[in-house]
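# Overview (structure and organization)
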Amino acid sequence: MLVYFIRRLGQAALVVAVMGAIVFVSIYMVGNPVDVLANPNADAKEMAEIAGRLGLDKPLHEQFALFVWNALHGDLGRSFVFNEPALKLIIQRMPATLELAFAALIVSVLIGIPLGMLAGLWPHSVWGRGIMTGSILGFSLPNFWIGLMLILLFAVQLRWLPSGGRGETVTVLGVPVSFLTVDGLRHLVLPAFTLALYKAALVIRLARAGTREAMLQDYVRFARAKGLSPSRIILVHVLKNIMIPITTVLGLEFGGMIAFAVVTETVFAYPGMGKLLIDSIGRLDRPIIVAYLMMVVVVFVVINFVVDLIYAALDPRVRLSEQGS
Amino acid sequence: MSPVLEVRDLAVSFGTREGAVRAVDGVSLTVKRGEVLGLVGESGSGKSVTGLSIMGLIDAPGRITAGSIKFEGRELVGLPEKELRTLRGRRIAMIFQDPMTTLNPVLRVDTQMIEAIRAHEAVSEKAARDRAARALARVGIPSPEERLQSYPHQFSGGMRQRVAIAIALLHGPALLVADEPTTALDVTIQAQILAEVQQLCAETGTALVWVTHDLAVVAGLADRIAVMYAGRIVEDGPVDGVLDSPRHPYTAGLIGSVPSRNRRGSPLAQIPGMTPSLANLPPGCAFAPRCPRADAACRIEAPPLLAETGGRAFRCIHPLTAEGVAA
Ligand SMILES: Nc1ncnc2c1ncn2[C@@H]1O[C@H](COP(=O)(O)OP(=O)(O)O)[C@@H](O)[C@H]1O
Ligand code: SF4
Ligand SMILES: [Mg+2]
């Protein structure tokens, strides 16, 4: 287990380093931030001064070396625009995005598993077919369009829910969260649902396929031969088995959810990391872009690792073979 | 003594793309209290479908289309699922072919045993656990309290089948249907498990239907033998009578393909040809294409079940005589 842990850690460090280099170099090639930051009628001298202050006059390899050196000390640069550490700005916005992604994850599981299991138990019924058709829509409708339609319906037409923003927050352990206030929850519903829809469609498919397969297994037949009730068979025997692939896939998709949040946050003017990224791209605020992308890489790496641990916890067969190796 | 199980003219069909397939066609069986019946036939002859019908576990596209299954005097065909469920696992139990897949891989053995107890009896978790441990000990699993906390994959194949047997016998059922439970295991373990199950059933007076494609397996164990071919029982009778003087050519063929002490050294006789496809059975006797005694009369209509003295019956219009295989 320890060997496995160290090996994983090494792999993770390598991924982060390679991604860092790619991100930094590619961002360097996009536009000139000085053009955006400087006063439109600034002369060449003023422009050079700004470039010098931001360290943009040095050659690429020196800038990169400085970036790596600082990054190793936990400093991902200062925002050109806000003149604050980029990492701090991102971390300030992170709780909102994580909250949104978690809410979406929960929604997708709550929608996806019951519907998927229903469709798996009665695949040829009207319900089963209807659910599958719905999941195709969930896959194919674009995220931003769903978001806009939901805003139109629930915020503009029915006026049940707010159209954007994060609403009222309370601070828990120094972190502002919105899911503990009614207003915050009301603001969370539409963006969480929008972000969840694609994943819900995925969960439906996984749950349906898993249920259909499990129902044909000998262990289900034996469970029936024991005289167990259908609810016990479905909620314990089948559900526990299908949770293994679903948890794995959802865990891996969680990183994607954070990345996808960019679109949803923009549509709902939701003040998360994604919105900060889009704003910063518009302003060519390189340190924030780099810090955001590095952040996402780290999140992905951490998630992959956690998923492996959860997978081992859910599937007893994995646990044992790992101890053996 | 009234029989535990009385199956009469059972027919089961499966709706397939090529039309309805009659997997079981007019099967009748009688099993007395504590009796061991060997249900023998090649793969695909309808043994599992017969066993599952008795359990009330035939699912779509399958359907019991005719016949009656009386268990302890009660008609099971058409019995509501809820009532069937109170019988399953308590009065009738079943174990299956592959011990690697019968237990749920993600649930611990104690969970799977305790739920089986509590499905039929309102006992405490603690009492159920004690009973589960005793049941494991009875089937020869060492340190049962610890083993209860294991997952199925931590047992060998033979041990897993023992766990399944322990679960099946938890409530001391009147009937155990064992669907080729040792086929996937190696030969020495097969023999051990066979003997143990027979012993356990004898202790509790549980009648046993032992399904197998291997005549030799049941020869030393069963009280009666029923031979299935293409969804029908073609011969049925006390084990000694059937083995010593089979009346149906198919039974004779099965006996001829078993290595036995009398014929040691001589090459095994194989039954020529293949099991017919149930979707397009030949008219008349289904065994005719492979039967050395077949003539034109055999191909006209399916032979009826002819009863004989000594509780024997067979479906053949040119049966072998009492002198045995040589005739
Ligand atoms: N689920 C099913 N769907 C369609 N046909 C089936 C199904 N189960 C069994 N059958 C039919 O019943 C026949 C007998 O099957 P089975 O009872 O499993 O044979 P055995 O146990 O003797 O090997 C098969 O050959 C097949 O044609
Ligand atoms: S009825 Fe004819 S074909 Fe069928 S088993 Fe008897 S002799 Fe053979
Ligand atoms: Mg079978």
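Along each chain, residue indices are assigned from 1 in the same order as the chain's sequence is written. Here every chain gets a letter starting at A, and every ligand a number starting at 1, in the order they are written. pLDDT decides what is reported in this predicted model: residues at 70 or higher carry local features, side-chain atom pairs at 80 or more are listed and counted, and totals for whole chains, interfaces and linings draw on all residues regardless. Think of the side-chain values as coming from all heavy atoms in the structure, minus any hydrogens and water.

## Quick notes on the overall build of chain B
Check the secondary structure of chain B and you find 11 helices and 12 strands. With the C-alpha coordinates aligned to their principal axes, the bounding extent of chain B is approximately 65 × 50 × 40 Å. Note on classification: 1.4 Å probe, protein chains only; a residue is buried when its accessible area is under 20% of the maximum for its type, exposed when over 50%, partly exposed between these limits. Taking all 327 residues of chain B together, the buried fraction comes to 53%. Two residues form a contact once any of their heavy atoms are found within 4.5 Å. Long-range pairs, those at least 24 residues apart, make up 63% of the contacts in chain B between residues at least 6 apart in sequence. Helix and strand definitions here come from DSSP, where helices need a minimum of 4 consecutive H or I residues and strands a minimum of 2 consecutive E residues; each element is numbered from the N-terminal end.

## Focus: the domain arrangement of chain A
Residue and element names in this part refer to chain A. How far each domain reaches was decided by an automatic or database domain assignment. Partitioning chain A into domains gives domain 1 (1–80 + 287–325) and domain 2 (90–283). Measuring from the centre of the C-alpha atoms in domain 1 to the corresponding centre in domain 2 gives 28 Å. On the side of domain 2, 21 residues touch domain 1, which itself brings 16 residues to the contact. As used here, buried area is the combined drop in accessible area, with a 1.4 Å probe, of two parts when they are placed together. A buried area of about 1,700 Å², summed over both sides, lies between domain 1 and domain 2, and 83% of it is on carbon and sulfur atoms. In the sections that follow, a salt bridge refers to a side-chain nitrogen of Lys or Arg positioned within 4 Å of a carboxyl oxygen of Asp or Glu. At the junction of domain 1 with domain 2, the criterion picks out 0 salt bridges. A 3.5 Å cut-off defines polar contacts: any pair of N or O atoms within that distance qualifies, except that in protein one atom must be a possible hydrogen donor and the other a possible acceptor, and neighbouring residues in sequence count only when both atoms are side-chain atoms. The interface formed by domain 1 and domain 2 includes 0 residue pairs in polar contact (both at pLDDT 80 or more). In terms of residue count, helix 12 (residues 286–314) provides more of the side of domain 1 that touches domain 2 than any other element does, 13 residues in total. Residues were grouped as follows: Ala, Val, Leu, Ile, Met, Phe, Trp, Tyr, Cys and Pro as nonpolar; Asp, Glu, Lys and Arg as charged; and all remaining residues, including Gly, as polar. Looking at the side of domain 1 that touches domain 2 residue by residue, the classes come out as 13 nonpolar, 1 polar and 2 charged.

## Some words on the packing of helix 5 (residues 86–121) of chain A against helix 10 (residues 230–267) of chain A
Residues and elements named next belong to chain A. Orientation is described by lines fitted to C-alpha atoms, with helices fitted over the stretch in contact, and by angles between N-to-C directions that extend from 0 to 180 degrees. Closest axis-to-axis distance for the helix 5/helix 10 pair is 8 Å, and the angle between their directions is 140°. Relative to helix 10, the element helix 5 lies oblique. Viewed along their axes, helix 5 and helix 10 form a crossing whose handedness is right-handed. Residues Thr97, Leu98, Leu100, Ala101, Phe102, Ala104, Leu105, Ser108, Val109, Ile113, Met117 and Leu121 of helix 5 pack against Ile234, Val238, Leu239, Ile242, Met243, Ile246, Leu250, Phe254, Met257, Ile258, Ala261 and Glu265 of helix 10. Considered class by class, the residues forming the contact of helix 5 with helix 10 number 21 nonpolar, 2 polar and 1 charged. Roughly parallel covers angles under 35 degrees, roughly antiparallel covers those over 145, roughly perpendicular covers 65 to 115, and oblique covers all other angles. Crossing handedness follows the turn of the near helix against the far one: under a right angle anticlockwise gives a left-handed crossing, and clockwise gives a right-handed one.

## A short note on the sheet that holds strand 7 (residues 175–179) of chain B
All names here are of chain B. A pair of strands is labelled paired if DSSP reports no fewer than 2 bridges between them. The 8 strands lie next to each other as 6-7-8-3-9-10-12-11, forming an open sheet whose pairing is mixed. With partners counted over all chains shown, the strands left at the sheet margins are strand 6 (92–95) and strand 11 (306–308), one partner each. In this sheet, adjacent strand axes meet at a mean angle of 20° when their direction is disregarded. Pairing of strand 3 (residues 36–40) with strand 8 (residues 207–212) involves 5 bridges; the strand directions are parallel. Among the inter-strand pairings, leucine 37 is bridged to a residue of strand 8, identified as valine 209. Helix-sheet contacts for helix 7 (residues 157–168) involve strand 6 and strand 7, and the interaxial angle to strand 6 is about 170°. Sheet contacts for helix 11 (residues 249–256): strand 3, strand 9 (224–229) and strand 10 (232–238); angle to strand 9, the most-contacted strand, approximately 105°.

## Quick notes on the interface of chain B and chain A
Each partner contributes residues to the interface: chain B has 30 residues there, and chain A has 22 residues. Buried surface at the junction of chain B and chain A, both sides included, amounts to about 2,400 Å², of which 61% is carbon and sulfur. Notably, a salt bridge pairs B:Glu115 with A:Arg232, separated by 2.7 Å at the nearest N-O pair. Our enumeration of links across chain B and chain A arrives at 11 residue pairs in polar contact (both at pLDDT 80 or more). In terms of residue count, the dominant contributor to the side of chain B that touches chain A is helix 4 (residues 109–118) of chain B (4 residues). Here the residues of the side of chain B that touches chain A are counted per class, giving 16 nonpolar, 9 polar and 5 charged.

## Focus on the site of ligand 2
Contacts to ligand 2 come from 13 residues, most closely from B:Cys285, B:Ala288, B:Cys291, B:Cys298 and B:Cys316. Of the residues in the shell around ligand 2, the class split is 10 nonpolar, 2 polar and 1 charged. If a single non-hydrogen atom of a residue is within 4 Å of a molecule or strand, that residue counts as near it.

## Some words on the nonpolar core
Here, nonpolar core refers to any group of buried Ala, Val, Leu, Ile, Met, Phe, Trp, Tyr and Cys residues whose side-chain atoms link them within 4.5 Å. The biggest cluster of nonpolar side chains holds 99 residues, and the ones touching the most others in it are B:Met113, B:Leu175, B:Leu176, B:Trp210 and B:Ile225. Ignoring anything within four residues of it in the chain, the contact list for B:Leu175 reads B:Val4, B:Leu5, B:Ile54, B:Phe71, B:Arg91, B:Ile92, B:Ala93, B:Thr206, B:Ala207, B:Leu208 and B:Val209.

## A word on the packing of aromatic side chains
Working definition: a ring pair exists when centres of Phe, Tyr or Trp rings (six-membered ring for Trp) sit within 6.5 Å. Plane angles under 30 degrees give stacked, over 60 give edge-to-face, the rest tilted. Going through the model one piece at a time under the given rule, you end up with 8 aromatic pairs over all chains. Seen from their ring centres, A:Phe222 and B:Phe96 are 6.3 Å apart, and the 85° between their planes marks the pair as edge-to-face. Taken together, the residues A:Phe222 in helix 9 (residues 218–225) and B:Phe96 in the loop between strand 6 and helix 3 (99–102) connect one chain to another. With centroids separated by 5.2 Å and ring planes inclined at 65°, the aromatic side chains of B:Tyr250 and B:Phe287 adopt a geometry described as edge-to-face. Placement of B:Tyr250 in helix 11 and of B:Phe287 in the loop between helix 11 and strand 11 is noted, with a sequence separation of 37 residues between them. Per residue, the accessibility class of B:Tyr250 equals that of B:Phe287, and both read buried. Through successive ring pairs, a cluster of aromatic residues spans B:Tyr229, B:Tyr250 and B:Phe287. The criterion for a charge sitting over a ring is simple: Lys NZ or Arg CZ within 6 Å of the ring centre, and within 35 degrees of the ring normal. If you follow B:Arg147 out to its NZ or CZ, it ends over the ring of B:Phe155, 4.2 Å from the centre.

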